Amino acid sequence: MMGCLDYFWEFWNYETPKVIVVKNRNLGVIYRLVQLLILVYFIWYVFIIQKGYQESESGPESSVITKVKGVSRSQHKVWDVEEYVKPPEGGSVFSIITHVQVTPSQTQDTCPENVRALCRSDRDCHAGEMDMLGNGEKTGRCISYNYSMKTCEIRAWCPVEDAASVSENLSKMAPEFTILIKNNIHFPRFRFTKGNVKDNDDSYLKSCTFNETTGLYCPIFKLGFIVEQAGENFTQLAEKGGVIGMIINWNCNLDLPDTMCNPRYSFRRLDPKWAQASSGYNYRFAKYYKHRGKSTRTLIKAYGIRIDVIVHGQAGKFSLIPTIINLATALTSVGVGSFLCDWILLTFMNKNEVYSARKFDQMPKLQEGTPTTDCSITDSCTQASSPADSKAPIHL
């Protein structure tokens, strides 16, 4: 048996490939097809599609500034930008109010809770108890909510929202609202900066509207256009609200002129409209004032269209290092064809033992003074009657 020391010395043996020509057309077709597929993969996908010869950078530094313009009217008043755009700072996430439920003249007082706190007597209302989904603190009394039911009395902003709210719709002119979305990106690795606004004076933005063909660098969009591009019905969306994602993609090949690096816009709805329990978008805010010396507020539950501006991007430029790495990988991968065909020969072919005997030879350690002739090679050399026999092609 071979000892540990023998295994150690076996590790330092040198192996060199041996070229054998196998006369088998089917196997040759498989071999060339595998090589062709590997070459097509690297040339077409790695180098042309994925641009494997480039150094790339994703996730550019980005800034977004937004501004909304337009005037609308509900049943009771005229609404301007200062009232229907929240927040007013002009960031990458903002909402445009399209429908409101207004509860006017709320003061700190006692009043009946809404139908969440139905009762029959004072015993059903525990003083000091607070329902986190309710509107205030229970006083311990059961009072009339309307002519047919009673609810617990609470100490809160009264009257409560559901009992006194007035609905107003301001979506009539909302599709015509214009939204300026100014975006600038920077790829630090390549020191490349660009924006989505045409380098003209301000008068250009006062008269243009976005068009993918003729006005790509006029980032002024109509709200109705954004909703339509997202595949939504404006009337339904304005009633319950929703979230629209506006995605700006900057995919830039910096080996080409800067004019070839252009923004691409896409739109889609982000909130789950198919989930009835959580569909739509709404929030509450209040306007506070003094009335007859008493703190008073108007509570507004606002439904609106929220716009999320999301910026993606990737830039690439020729670099010698990834080019060399991918070329070396491609050349190495071509050898997969030889590995596959060897496995087929040694496993499935009828004369696999003949092939194995020709492919694997072992060169013994030569003693000093021993002539290095062809017959010093064991096995295959002793089987060959002449040097020409050892080089003959194998017919399988």
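Residues numbered from 1 in each chain as written. Predicted model: local features only at pLDDT ≥ 70, side-chain atom pairs only at ≥ 80, totals over all residues. Heavy atoms only, no water.

Participant: Tell me about the overall build of the protein chain, and name the residues and values.
Facilitator: For the protein chain, the count of helices and strands is 12 helices and 18 strands. Expressed as a percentage of the 396 residues in the protein chain, the buried residues total 37%. Sequence-distant contacts, at least 24 apart, represent 69% of the contacts inside the protein chain between residues at least 6 apart. Working note: accessible area of the protein chain is about 25400 Å², and carbon and sulfur atoms make up 55% of it. (Helix = DSSP H or I, 4+ residues; strand = E, 2+ residues; numbered from the N terminus. Buried < 20%, exposed > 50% of the residue type's maximum accessible area, 1.4 Å probe, protein only. Contact = heavy atoms within 4.5 Å. Areas by Shrake-Rupley, 256 points an atom, 1.4 Å probe, with all protein chains shown as cover.)

Participant: Provide a residue-level description of the packing of aromatic side chains, including the pertinent values.
Facilitator: For the structure shown, the criterion picks out 14 aromatic pairs. Between phenylalanine 210 and tyrosine 265, the ring centres sit 5.1 Å apart and the planes meet at 75 degrees, which makes this aromatic pair edge-to-face. One end of the pair, phenylalanine 210, is in the loop between helix H5 (203–207) and strand E13 (220–222); the other, tyrosine 265, is in strand E15 (residues 263–269), and 55 residues separate them in sequence. Of the two residues examined, phenylalanine 210 and tyrosine 265, each falls in the buried class. Measuring from centroid to centroid gives 5.2 Å for phenylalanine 221 and tyrosine 265, while their planes differ by 65 degrees, and the two rings are edge-to-face. Of this pair, phenylalanine 221 sits in strand E13 while tyrosine 265 sits in strand E15, and the two are 44 residues apart along the sequence. (Phe/Tyr/Trp six-rings, centres within 6.5 Å; stacked < 30°, edge-to-face > 60°.)

Participant: With reference to specific residues and values, describe the packing of helix H2 (residues 25–49) against helix H9 (residues 336–347).
Facilitator: Each packed pair of helices is defined by two parameters, the angle between the axes and the distance between the axes. Interhelical geometry of H2 versus H9 gives an angle of 150 degrees and a closest axis separation of 8 Å. As the angle between them shows, H2 and H9 are arranged roughly antiparallel. The element H2 and its partner H9 pack so that their crossing is right-handed. Across from Leu27, Ile30, Tyr31, Val34 and Ile38 in H2, the residues of H9 making contact are Val336, Gly337, Ser338, Leu340, Cys341, Ile344 and Leu345. For the contact of H2 with H9, the class distribution of residues is 10 nonpolar, two polar and no charged. (Axes fitted to C-alpha atoms, helices over the stretch in contact; angles between N-to-C directions. Parallel < 35°, antiparallel > 145°, perpendicular 65-115°, else oblique. Left-handed = near helix turned anticlockwise from the far one by under 90°. Nonpolar A, V, L, I, M, F, W, Y, C, P; charged D, E, K, R; others polar.)

Participant: Talk me through the layout of surface pockets; I want residue IDs and the actual numbers.
Facilitator: Computed from the structure, the second largest pocket encloses a volume of approximately 550 Å³. What lines the second largest pocket is a set of 22 residues, and nearest its centre among them are Leu180, Asp202, Leu205, Lys206 and Ile220. Where the lining of the second largest pocket is concerned, the elements lending two or more residues are strand E3 (61–69), strand E11 (178–187), H5 and E13. When residues in the lining of the second largest pocket are grouped by element, the largest group, five residues, is from E11. Tallied by class, residues from the lining of the second largest pocket come to eight nonpolar, five polar and nine charged. (1 Å grid on protein atoms, 1.4 Å probe; cavity = no way out; pocket = protein on both sides within 12 Å on 5 of 7 lines; lining within 4 Å. Points joined across faces, edges and corners; volume = space filled by probe spheres on them.)

Participant: Describe the environment of serine 333, with residues and values.
Facilitator: Tracing the backbone shows serine 333 in helix H8 (residues 320–333). Separated by 299 residues in the primary sequence, serine 333 and valine 34 have C-alpha atoms spaced 10.0 Å apart. Other than its neighbours up to four places away in sequence, serine 333 contacts Ile38 and Phe42.

Participant: Give a description of the environment of proline 88 that names residues and reports values.
Facilitator: Counting through the fold element by element, proline 88 comes out in the loop between strand E6 (85–86) and strand E7 (93–112). Assessed through its relative accessible area of 66%, proline 88 is described here as exposed.

Participant: Please set out the state of the cysteines residue by residue, giving values where relevant.
Facilitator: One pass over the full model with this rule turns up five disulfides. At a sulfur-sulfur separation of 2.1 Å, the disulfide partner of cysteine 111 is cysteine 158. Where cysteine 111 bonds to cysteine 158 through sulfur, the torsion about that S-S bond is close to -75 degrees, and the disulfide is left-handed. Taken together, the residues span a long stretch of sequence, with cysteine 111 in strand E7 and cysteine 158 in strand E9 (residues 150–158) at a distance of 47 residues. (Disulfide = S-S within 2.5 Å.)

Participant: Before we move on, can you summarise the nonpolar core with the specific residues and values?
Facilitator: In this structure, Tyr84 and Leu223 are the most contacted members of the largest nonpolar core, which totals 50 residues. Of all the elements, strand E17 (residues 294–318) adds the most residues to this core, at seven residues. Dropping the residues within four chain positions of it, tyrosine 84 is found in contact with Val68, Lys69, Gly70, Val71, Trp79, Ser95, Ile96, Ile97, Leu170 and Phe177. (Core = buried A, V, L, I, M, F, W, Y, C linked by side-chain atoms within 4.5 Å.)

Participant: An account of the pairing of strand E12 (residues 192–195) is needed here, citing residue identities and associated values.
Facilitator: Relative to E12, E11 is paired through four bridges, and the arrangement is antiparallel. The partner of phenylalanine 187 across the bridge, within E12, is phenylalanine 192. Between E11 and E12, which pair antiparallel and follow one another directly, the connecting turn spans four residues, one of which, arginine 191, has a positive phi of 55 degrees. (Pairing = 2+ DSSP bridges.)

Participant: Break down the confidence of the model for the protein chain for me, citing the residues and quoting the values.
Facilitator: Model confidence for the protein chain is summarised by a mean pLDDT of 85, while 85% of its residues fall at 70 or above. In the model, residues 374–392 has pLDDT below 50 throughout and makes 18 contacts with residues more than four positions away in sequence or in other chains. (pLDDT = per-residue confidence, 0-100.)

Participant: I'd like to hear about the packing of H2 against H8, residue by residue, with values.
Facilitator: Where H2 meets H8, the closest approach of the two axes is 9 Å, and the angle between their N-to-C directions is 160 degrees. Taken together, the axes of H2 and H8 are roughly antiparallel relative to one another. H2 and H8 meet at a crossing whose hand is right-handed. Between H2, through Ile38, Phe42, Val46 and Phe47, and H8, the contact on the second element is made entirely by Asn326, Leu327, Thr329, Ala330 and Ser333. Residue composition of the contact of H2 with H8, by class: six nonpolar, three polar and no charged.

Participant: Got a sec to walk through H8? Specific residues and values, please.
Facilitator: Spanning 14 residues, H8 covers 20 Å between terminal C-alpha atoms, matching the ideal 20 Å at 1.5 Å per step. Among all positions of H8, only Pro322, Thr323, Asn326, Ala330 and Ser333 are buried. On an axial view of H8, the arc spanned by its buried residues comes to 105 degrees, and they lie on one face. The exposed set on the far side of H8, more than 90 degrees from its buried face, consists of Leu320, Ile321, Leu331 and Thr332. Looking at the buried positions of H8, the neighbouring elements they touch are H2, strand E2 (54–58), E17 and H9. (Expected span 1.5 Å × (residues − 1). Arc of directions from axis to C-beta.)

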